[in-house]
Amino acid sequence: MIKQILNRLPRKPSKAAEGRDGGAPTFTANSSTSSRISDFSNSRSGNSNATSLPAINSASNPGLNHANKLPQALHMKVNGNIAISPYEALPSFRDVPNSEKQNLFIKKLNLCSVVFDFTDPTKSLKEKDIKKQTLVELVDFVTSANGKFTETVMQEITKMVSTNLFRTLGTQPRENKVLEGFDVDEEEPLMDPAWPHLQIVYEFLLRFVASPETDAKLAKRYIDHSFVLRLLDLFDSEDPREREYLKTVLHRIYGKFMVHRPFIRKAINNIFYRFIFETEKHNGIAELLEILGSIINGFALPLKEEHKLFLVRALIPLHKPKCIPMYHQQLSYCITQFVEKDRKLADTVIRGLLKYWPITNSSKEVMFLGELEEVLEATQPPEFQRCMVPLFRQIGRCLSSSHFQVAERALFLWNNDHIENLIKQNRKVILPIIFPALEKNARSHWNQAVQSLTLNVRKIFSDADTELFEEYLLKFQEDEALEKEVKMKREATWKRLEEIAAMKASSNEPVLVPRRLPGHAPSG
């Protein structure tokens, strides 16, 4: 009798069983086929991008149990015991009383912690549909929550999100083309077949972080440094839709969790350092710079030394990689934000641009000239005067470029009233540097547009200071005549040497060229 009563009592779970409750079984997904954006993106989310790049691989989460991978089963706690239940849909939140909604929420989170294999579109269709519908319910629940999330709920939320999102990204088959600066957008993008689920998980995470019911002081225990680092790792995803969500989520985390701000900036710094000095391969540099552009815009004045070092050590060297066209627009915005915040940084930025100025890449040179115009727009006379000599030596080389777009873009600088005034104020220094390039362009450049723009610039200088302009025109003509005379003497010397060599050759007499020491007259 006593034995029968004891058998009816609930048994204490073993330690082994407790250990298995770290998460639901994970099924890896090796994405190689294309899929459409889910209906959820069209009806509920405005953040997704219609384009995508090569798919990515999903790997098992280290914190999950790998020994028992059951695609049709789910580990769930029932009255303190661990039971294996079929993967079936749970009741709707509308069908349970308010007192049971939190428990149901946790059960739905556990249900969504199963990661299915999307390589086979015919596999586990019922289970995938159940998970998708459950994820949509979770998004609605978090959005309409009217009570603070408890610590237990936050723990389960981060566990579910981590299980689905944090995975090993696949290889980058087009990395060589990216490195060479090709326009990868022109190629047919590959889509991740797991995206219909991943997108809803991202939407869920975004709503959770943005929710007023999420207490930052409590949530920071789970959305911690490790979580942020793994989120940053995902920025290397080749799918632009995923990077778009990551950008929004990380920006919300930065805004909500003030304690994480220095760490996030440092972690992004480290990604940039690795990209600049080691790999020159990363898919998410543009998105990270877009986040930083917003962060820089909010920097308080005066700027901290940490922020200035970030400009010098990370942002300026980002002009070095060959694939800069992929992120130059965002980089230029960040650089300009710094100069607008602190005008004294203009000299540092301009000298940094000159340090990494391209030599043989004309399209990159055009981009640099465009960025230079934006920086000069925010530059004041004292900073301009400190760097104008090396700056206009480089601009002079651009004016002399045989590539018409480079020369044309350099001449467009004079269309900016602020830059034109800076040049006029310092014309006595600048005109001698660029006058030869202007004069040669006006006389002999092959492109008619460049010739026309050059004549306009010459007229600006002439109208601003006719006497100065005539002085350097006369000097240029004298230098040109002298150069012509030297060239004629050189040609005459070579011609005479050729005649002597021809005479010696006819008599089979060797031509001896005596070694001359500088400053010594030839011996008789």
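See the structure shown above.
Residues numbered from 1 in each chain as written. Predicted model: local features only at pLDDT ≥ 70, side-chain atom pairs only at ≥ 80, totals over all residues. Heavy atoms only, no water.

(A) Focus on the nonpolar core. Residues Phe204, Ile253, Phe272, Leu289, Leu315, Tyr327 and Phe392 are the most contacted members of the largest nonpolar core, which totals 132 residues. Among the elements that line this core, the one with the most residues is helix H8 (residues 195-210), at ten residues. (Core = buried A, V, L, I, M, F, W, Y, C linked by side-chain atoms within 4.5 Å. Buried < 20%, exposed > 50% of the residue type's maximum accessible area, 1.4 Å probe, protein only. Helix = DSSP H or I, 4+ residues; strand = E, 2+ residues; numbered from the N terminus.)

(B) Focus on helix H17 (residues 362-377). The first and last C-alpha atoms of H17 sit 23 Å apart over 16 residues, in line with the 22 Å expected at 1.5 Å per residue. For H17, every residue scored as buried is listed here: Lys364, Glu365, Phe368, Leu369, Gly370, Glu371, Leu372, Glu373, Val375 and Leu376. Looking at the buried residues of H17, the elements they touch are helix H15 (328-341), helix H16 (346-355), helix H18 (381-399), helix H19 (404-411) and helix H20 (417-425). (Expected span 1.5 Å × (residues − 1). Contact = heavy atoms within 4.5 Å.)

(C) Examining the environment of Glu420 more closely. With respect to the helices and strands, the residue Glu420 is situated in helix H20. Its relative accessible area of 14% is what places Glu420 among the buried residues. Discounting chain neighbours no more than four positions away, the residues touching Glu420 are Trp414 and Ile460.

(D) Looking closely at the packing of aromatic side chains. Enumeration over the complete set of coordinates arrives at 18 aromatic pairs. Between Phe149 and Phe208, the aromatic rings sit 5.6 Å apart at their centres with planes inclined by 55°, giving tilted as the arrangement. Of the two residues, Phe149 sits in the loop between helix H5 (125-143) and helix H6 (151-165) while Phe208 sits in helix H8, which places them 59 residues apart along the sequence. Considered together, Phe149 and Phe208 belong to a single accessibility category, that of buried residues. Taking 5.8 Å as the distance between ring centres and 75° as the angle between the ring planes, the aromatic pair formed by Phe275 and Tyr327 counts as edge-to-face. (Phe/Tyr/Trp six-rings, centres within 6.5 Å; stacked < 30°, edge-to-face > 60°.)

(E) Fine view of the side chain of His307. Topologically, His307 is positioned in helix H14 (residues 305-315). Here His307 is in contact with Arg265, Phe299 and Phe338, once residues within four sequence places are set aside.

(F) Local environment of the packing of helix H21 (residues 427-444) against helix H22 (residues 448-464). As a packed pair, H21 and H22 sit with axes 9 Å apart at the nearest point and diverge in direction by 145°. When the axes of H21 and H22 are compared, the crossing they make is left-handed. The residues of H22 that touch H21, namely those facing Arg427, Leu431, Ile434, Leu438, Glu439, Asn441, Ala442, Arg443 and Ser444, are Val450, Gln451, Thr454, Leu455, Val457, Arg458, Phe461 and Ala464. When grouped by side-chain class, the residues that make up the contact of H21 with H22 number nine nonpolar, four polar and four charged. (Axes fitted to C-alpha atoms, helices over the stretch in contact; angles between N-to-C directions. Left-handed = near helix turned anticlockwise from the far one by under 90°. Nonpolar A, V, L, I, M, F, W, Y, C, P; charged D, E, K, R; others polar.)

(G) Region of interest: the packing of H18 against H20. Relative orientation of the contacting elements H18 and H20 amounts to 80°, with a least axis distance of 11 Å. Considering the angle they form, H18 stands roughly perpendicular to H20. The residues of H20 that touch H18, namely those facing Pro381, Phe384 and Phe392, are Leu422, Ile423 and Gln425. Classifying every residue of the contact of H18 with H20 gives five nonpolar, one polar and no charged. (Parallel < 35°, antiparallel > 145°, perpendicular 65-115°, else oblique.)

(H) Highlighting unusual backbone geometry. At the junction of Leu301 and Pro302, the peptide bond is cis and its omega measures out at -5° in the coordinates. Note that Pro302 resides in the loop between helix H13 (285-297) and H14. The phi dihedral of Glu280 falls on the positive side, at around 55°, and the residue is not glycine. Tracing the backbone shows Glu280 in the loop between helix H12 (261-279) and H13. Accessibility expressed as a relative area gives 18% for Glu280, which makes it buried.

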